[in-house]
Structure formats: structure tokens, C-alpha cells
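Coordinate inspection notes
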Amino acid sequence: MVHAERAALIDDLARLDDEQWRRPSLCPGWTVHDVLAHLVDNARATRLGFLAGLVRARFDFDRLNSRGVERARGATPAETLERIRRAAPRTSAPPAPLDSRLVEELVHGEDIRRPLGLGRSYPPRAVERALRLQARTPVAFGGAKELLTRVRITATDTDLALGDGPAAEGPALSLLLAVTGRAAALDDLRGPGAAVLSGA
């Protein structure tokens, strides 16, 4: 599933112009080009390399990610795109649950696609696995475990409900984006729990 998502994103980005590459993504401070560089860095990651990088970044995940973007970003978008093509078949990963790779590909795929007006029909199983991982991962590690003690999310396009509290309903992909802090997905949701997610 991870390899399929990488291939689909590569195909979507093959025809971008210079302005589109410079467009702000859903990640604050990062352009579309920057997010792709982050995905290159993720695809190249190994357990030992990740841990060594985290130590060098003094256990600051933001610093670790920024350094990864600088390292993986080519001089041109075409160079970065070629780097993701070469890295896409890799199966190495940081010391994290395997489904964290799905979270990265799906969420960052939307960080890129939504500002560009590109759509993708993601496999429901992939989105569900990503949501379930976020539900059991602490916020300190990029998850939504604590958030889902205050809101119950229910997917309207698949049989999935997670959490406790006032309900927020909507497409599973929009719920995944909302619990990872993407305000762009909030308009897709309804119910009193949507207000809780708006402050996530």
C-alpha cells in the first residue's frame, strides 16, 4: 500500500509547473516541493539512521524534519522527483509501527494535493489502518490518542468509529486529516465534536 501511494503521488506530480512546486502546502512553512523532499527523506530512513539523526537534533522532531528536508531536497523539483522515484521501492523505515508509513504517505499526499486541487481516491483499508494507528499513538509521537479521549470520530464512508465524547462525522480521509491537525478538512465534518477537532 505504501509503494502504491508513492507511485500515485509521483504520477500526480510529474506535470507540475514552477509555480505549483512553490505553492504553500498544508504543512505550515513548507511548499509542495518541501513536502516531497520530506517524503524522500522518509523513504530513505533506516532505524539506525533515524535514531542517530534524532540524537544529533537533540530529540527535537521539528529540527530533525527540517534537516531531513534540507538533505533530501534537490536543486530543482525535477531532481527531487527523481530522488523519490529511486527511493519509492525501499522497504526500510524508522523504529515505528509499519502503519506509520501509511500515515506519512496519506497525510502528506493530501498536504500536497489539496493546495494543488488534485484528488485521489485512497484505498479505504489504507485510510482505516492509518486512522487506527493515530488513535493509539500519543500526541508526543504525532498521534491523536489523547485527542480521542475528548471526541468520538465516526466515518460516514466506512464502518469505523473511534474515541469518546461528542461526535464528529465525515469521510474517513477527512477525519484522518483533522486528527493530524489539518484545518482544511474541518469543513467536511459535522457534529458537535467537529469543534473539538478545530482546536486540535
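Everything here concerns the structure above.
Keep in mind it's a predicted model, so treat the numbers as computed, not measured. (Residues numbered from 1 in each chain as written. Predicted model: local features only at pLDDT ≥ 70, side-chain atom pairs only at ≥ 80, totals over all residues. Heavy atoms only, no water.)

A few words now on the packing of helix 3 (residues 32-44) against helix 5 (residues 61-72). Two numbers describe how helix 3 lies on helix 5: the axes approach to 8 Å, and their chain directions differ by 95°. Between helix 3 and helix 5, the angle falls in the class roughly perpendicular. Every residue of helix 5 that contacts helix 3 at Asp-34, Ala-37, His-38, Val-40, Asp-41 and Arg-44 is listed here: Asn-65, Gly-68, Val-69, Arg-71 and Ala-72. Taken together, the residues of the contact of helix 3 with helix 5 break down into four nonpolar, three polar and four charged. (Axes fitted to C-alpha atoms, helices over the stretch in contact; angles between N-to-C directions. Helix = DSSP H or I, 4+ residues; strand = E, 2+ residues; numbered from the N terminus. Parallel < 35°, antiparallel > 145°, perpendicular 65-115°, else oblique. Contact = heavy atoms within 4.5 Å. Nonpolar A, V, L, I, M, F, W, Y, C, P; charged D, E, K, R; others polar.)

Within the structure shown, the criterion is met by 15 salt bridges. Taking the shortest distance from any N to any O, the salt bridge between Arg-71 and Asp-41 comes out at 2.8 Å. Taken as a pair, Arg-71 in helix 5 and Asp-41 in helix 3 lie far apart in primary sequence, 30 residues in all. Of the residues examined, Asp-41 reaches a relative accessible area of 15% and is grouped as buried. We note a salt bridge from Asp-188 to Arg-114, for which the minimum N-O separation is 3.5 Å. Linking Asp-188 in the loop between helix 9 (172-179) and helix 10 (193-198) with Arg-114 in helix 7 (residues 99-116), this pair joins segments that are 74 residues apart in sequence. (Salt bridge = Lys/Arg side-chain N within 4 Å of Asp/Glu carboxyl O. Buried < 20%, exposed > 50% of the residue type's maximum accessible area, 1.4 Å probe, protein only.)

A contiguous patch of positive charge on the surface is contributed by Arg-56, Arg-58, Arg-63 and Arg-67. By the element assignment, Arg-63 lies in helix 5. (Patch = residues over 30% accessible without salt bridge, like charges linked within 9 Å, V, L, I, M, F, W, Y side chains within 5 Å. Areas by Shrake-Rupley, 256 points an atom, 1.4 Å probe, with all protein chains shown as cover. Lys, Arg positive; Asp, Glu negative; His and termini not counted. Charge placed at Lys NZ, Arg CZ, Asp CG, Glu CD.)

Turning to helix 7, a few remarks are in order. Between its terminal C-alpha atoms helix 7 stretches 26 Å, which fits the 26 Å expected from 18 residues at 1.5 Å a residue. Most of helix 7 sits inside the fold, with 15 of its 18 residues counted as buried. Remark: Gly-117 follows helix 7 within two positions and exhibits a positive phi of approximately 75°. (Expected span 1.5 Å × (residues − 1).)

A separate point is the pairing of strand 1 (residues 152-155). Covered by surrounding structure in strand 1 are Ile-153 and Ala-155 only, the residues Arg-152 and Thr-154 on the alternate face being uncovered. Across four bridges, the pairing between strand 1 and strand 3 (residues 167-170) is parallel. Counted as the bridge partner of Arg-152 is Ala-167 from strand 3. (Pairing = 2+ DSSP bridges.)

Looking now at the nonpolar core. In this structure, Leu-131, Leu-148, Ile-153, Val-179 and Leu-197 are the most contacted members of the largest nonpolar core, which totals 34 residues. Of all elements in the fold, only helix 7, helix 8 (124-136), strand 1, helix 9 and helix 10 reach the threshold of two or more residues within this core. With seven residues, the single largest contributor to this core is helix 9. What Ile-153 contacts, discounting residues up to four positions off in sequence, is Leu-131, Leu-148, Leu-160, Ala-161, Leu-162, Ala-168, Leu-175, Val-179 and Leu-197. Of all hydrophobic cores here, the second largest spans 22 residues; its members include Cys-27, Leu-36, Ala-87 and Ile-112. (Core = buried A, V, L, I, M, F, W, Y, C linked by side-chain atoms within 4.5 Å.)

This next bit is on the environment of Arg-71. Counting along the chain gives 13 residues from Arg-71 to Ile-84, while the straight-line C-alpha distance between them is 13 Å. At 2.8 Å, the side chain of Arg-71 and the side chain of Asp-41 are in polar contact. (Polar contact = N/O pair within 3.5 Å; in protein donor to acceptor, adjacent residues only side chain to side chain.)

Below, the discussion takes up helix 1 (residues 2-13). Compared with an ideal rise of 1.5 Å per residue, which puts 12 residues at 16 Å, helix 1 spans 17 Å between its outermost C-alpha atoms and is within 8% of the ideal. Taken as a whole, helix 1 has its buried residues at Val-2, Glu-5, Arg-6, Ala-8, Leu-9, Ile-10 and Leu-13. Next to the buried residues of helix 1 lie helix 2 (18-22), helix 3, helix 6 (77-87) and helix 7.

A word on the layout of surface pockets. Computed from the structure, the largest pocket encloses a volume of approximately 1500 Å³. For the largest pocket, the lining is made up of 47 residues, of which Phe-61, Asn-65, Glu-104, Phe-141 and Gly-142 are closest to its centre. Contributing elements (two or more residues each) for the lining of the largest pocket: helix 3, helix 4 (47-56), helix 5, helix 7 and helix 8. Broken down by element, the lining of the largest pocket gets its largest block of residues, eight residues, from helix 5. Here the residues of the lining of the largest pocket are counted per class, giving 21 nonpolar, 16 polar and 10 charged. Looking at the second largest pocket, its volume works out to about 190 Å³. (1 Å grid on protein atoms, 1.4 Å probe; cavity = no way out; pocket = protein on both sides within 12 Å on 5 of 7 lines; lining within 4 Å. Points joined across faces, edges and corners; volume = space filled by probe spheres on them.)

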